[in-house]
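Read off the chains here:
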Amino acid sequence: MENKIVVSGIRSTGNLHLGNYFGAMLNYIKMQDQFPCYFFVADYHSLTTHPDPAQLKPNVFKVLAENIACGLDPNKVTLYVQSDIPEIPELYLMLNMMAYKGELEKTASFKDKARTQPDNVNAGLLTYPTLMSADILIHKAHYVPVGKDQEQHLEMARTFAQRFNHRYGDMFPEPHPFNFGNELIKIPSLDGNGKMSKSENENATLYLCDSDDAIRKKVMKAKTDQGPTEMNSEMPIDIQHVFALLKLVSAEDTYQKFVANYAACTIRYGDLKKQLGEDMVQFIAPIREKTKEIQQDTNYLHRIMKEGKEKARASASRTLDEARKKMGINFYA
Ligand code: ADP
Ligand code: TRP
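Residues numbered from 1 in each chain as written. Chains lettered and ligands numbered in written order. Predicted model: local features only at pLDDT ≥ 70, side-chain atom pairs only at ≥ 80, totals over all residues. Heavy atoms only, no water.

> Pulling in residues and values, what's your account of the packing of aromatic side chains?
For the structure on display, the rule yields 13 aromatic pairs. Ring centres of F40 and Y80 lie 5.5 Å apart, and the angle between their planes is 25°; on these two criteria the pair is classed as stacked. Taken as a pair, F40 in strand β2 (residues 37-42) and Y80 in strand β3 (residues 78-81) lie far apart in primary sequence, 40 residues in all. Ring centres of F243 and Y262 lie 6.0 Å apart, and the angle between their planes is 80°; this geometry places the pair in the edge-to-face category. Taken together, the residues span a long stretch of sequence, with F243 in helix α11 (residues 237-249) and Y262 in helix α12 (residues 252-263) at a distance of 19 residues. Taking the relative accessible area as the measure of exposure, F243 reaches 2% and is therefore buried. (Phe/Tyr/Trp six-rings, centres within 6.5 Å; stacked < 30°, edge-to-face > 60°. Helix = DSSP H or I, 4+ residues; strand = E, 2+ residues; numbered from the N terminus. Buried < 20%, exposed > 50% of the residue type's maximum accessible area, 1.4 Å probe, protein only.)

> Can you lay out the layout of surface pockets for me, pointing to particular residues and giving the numbers?
By volume, the second largest pocket is sized at about 460 Å³. Along the wall of the second largest pocket there are 21 residues; nearest its centre are I185, K186, I187, P188 and A244. Sorting the residues of the lining of the second largest pocket by element identifies α1 (18-31) and α11 as the ones contributing at least two each. Tallying contributions element by element places α11 first for the lining of the second largest pocket, with six residues. (1 Å grid on protein atoms, 1.4 Å probe; cavity = no way out; pocket = protein on both sides within 12 Å on 5 of 7 lines; lining within 4 Å. Points joined across faces, edges and corners; volume = space filled by probe spheres on them.)

> Would you mind going over the site of ligand 2 in detail, with residue names and values included?
Close to ligand 2 lie 13 residues; G9, Y128, M132, D135 and Q150 are nearest. In the environment of ligand 2, an oxygen atom lies 3.4 Å from a nitrogen or oxygen atom belonging to the side chain of R11. Among the secondary structure elements, those contributing two or more residues to the shell around ligand 2 are β1 (6-11), β2 and α8 (128-137). The leading source of residues in the shell around ligand 2 is α8, at four residues. Residues belonging to the shell around ligand 2 are distributed by class as follows: seven nonpolar, four polar and two charged. (Near = heavy atom within 4 Å. Polar contact = N/O pair within 3.5 Å; in protein donor to acceptor, adjacent residues only side chain to side chain. Nonpolar A, V, L, I, M, F, W, Y, C, P; charged D, E, K, R; others polar.)

> Before we move on, can you summarise the environment of Q152 with the specific residues and values?
With respect to the helices and strands, Q152 occurs in helix α9 (residues 151-168). Once the C-alpha coordinates of Q152 and A69 are considered, the two residues, 83 residues apart in sequence, prove to be 29 Å apart. If we skip the residues at most four places from it in the chain, Q152 touches K106, T107, A108 and S109. Of the polar contacts made by the side chain of Q152, one reaches the backbone nitrogen of A108; its length is 2.8 Å. (Contact = heavy atoms within 4.5 Å.)

> Break down the domain arrangement of the chain for me, citing the residues and quoting the values.
When its domains are assigned, the chain resolves into domain 1 (6-185 + 298-327) and domain 2 (210-291). A separation of 33 Å is found between the C-alpha centroids of domain 1 and domain 2. With seven residues of domain 1 at the interface, the matching set in domain 2 holds nine residues. Across the interface of domain 1 and domain 2, roughly 690 Å² is buried in total on both sides, 86% from carbon and sulfur atoms. The largest contributions to the domain 1 side of the interface with domain 2 come from L18, F22 and A69, which together make up 65% of the buried area. At the junction of domain 1 and domain 2, the tally comes to zero salt bridges. The interface formed by domain 1 and domain 2 includes zero residue pairs in polar contact (both at pLDDT 80 or more). If you list the elements that add at least two residues to the side of domain 1 that touches domain 2, you get α1 and α3 (53-69). The residue makeup of the side of domain 1 that touches domain 2, split by class, is six nonpolar, no polar and one charged. (Domains from an automatic or database assignment. Buried area = accessible area lost by both parts, 1.4 Å probe. Salt bridge = Lys/Arg side-chain N within 4 Å of Asp/Glu carboxyl O.)

Structure, rendered in C-alpha cells:
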C-alpha cells in the first residue's frame, strides 16, 4: 500500500450516472487496493440549491448504496458523509480567509451557475471551491480522482494549500487530480450536447438506476447523423459520443467491427444503437439491482456511516489541530 492519501466525494443531488461511474467511481474502485482512501457523500455541497429537507436522507443513502454496489468496499476505504465531520466546515472557514472574491468569481462553475440560477447566487455557491478544498486538505490528500469538470477546483485547492503553507508553515501536500488513464475523462451525453449530468438533460443521461427499458429507449434516441459519405472519413464530433460509449461497455471486437463499418461507409446506426442498448443493459442492470438490495438494509448503511465517521474524524481532527496551532489558535497550551 502506497502512503499517498486519496480523497474524493460525490454530491447527493440525484441519481448517479455513467459519467460519475467512469469519471470517478471506476478510479475509486481501482485505488482502494493501492492507497489509503477517503470517499464521502458531499451533502453540504448539495445545499447550494436548497434541496427539500425530506429528500436529503434518501439521497444520501442512495449515493452510499450506489457507491457500494459499484464495488467500493467499506472494509477497505473510509466511506463517510461530509456533514458528519465538523472539522471540515472549520477548515473551510480558515481557508475562506485566504480565498479572494475576485478569484472565486472567476471560477467557471460559479460563472455557470450564476448565469443559470441568477436568483440564487449565494455565498455558499461562491465559496464552493473553498469547501471542496477543505474536504481534500482535511486528510492531507495527494490524489483526487475526479472527472475533467473538476480540474479548476483542484487547481484552486493547490493554490489555497500553497497559501496556507506559505503564511503559516508547511503542512499541506499539493493535491492532484487522478485518473488511471492518462487524461481526465468526460462522458458525453447521448444528444451529443455536453456531458452526462445528474440534473440536466435527463433523457440524454444514462443513470445507474434506469430500467432496462429506459436504457434501451434512451440509447435508441441517441443523436447520430446521416452516416459517412466518403470512405475513411474522420468521425464528426456528433458521432464520436456513441462510439465513446460503445468502447466503454461493449466487447473490443464489437467496437472494432462498428469502427470498420464506419470507415467502409457500411455503418447502420440502428444496429449500432441496438447493440449499445443491450450492452448497456448488461452493464447497468446488476448495479441497479445491487443498489436496491443495499438501500433497503438501513441497519447496514447506518453501521457503515458510523464506522466511516469515526475513522474520518480521527484523521480530520489531527489535521485541524495542526492548522489551529499553526494559525495561533491554541489559547490553552
Ligand atoms: P454531476 O456533475 O452529475 O452533478 P457530481 O458533480 O456529483 O456529478 O460529480 C461527481 C464526480 O463525477 C466528479 O468527480 C465528476 O468529475 C464526475 N463526473 C460527473 N459527470 C461526469 C461526466 N459526464 N464525465 C466524467 N466524469 C463526470
Ligand atoms: N465538487 C465535486 C463535484 O461537483 C464534488 C466534490 C465535493 C468533491 N468535494 C470534493 C470531489 C472533494 C473531490 C474531492 O463533482
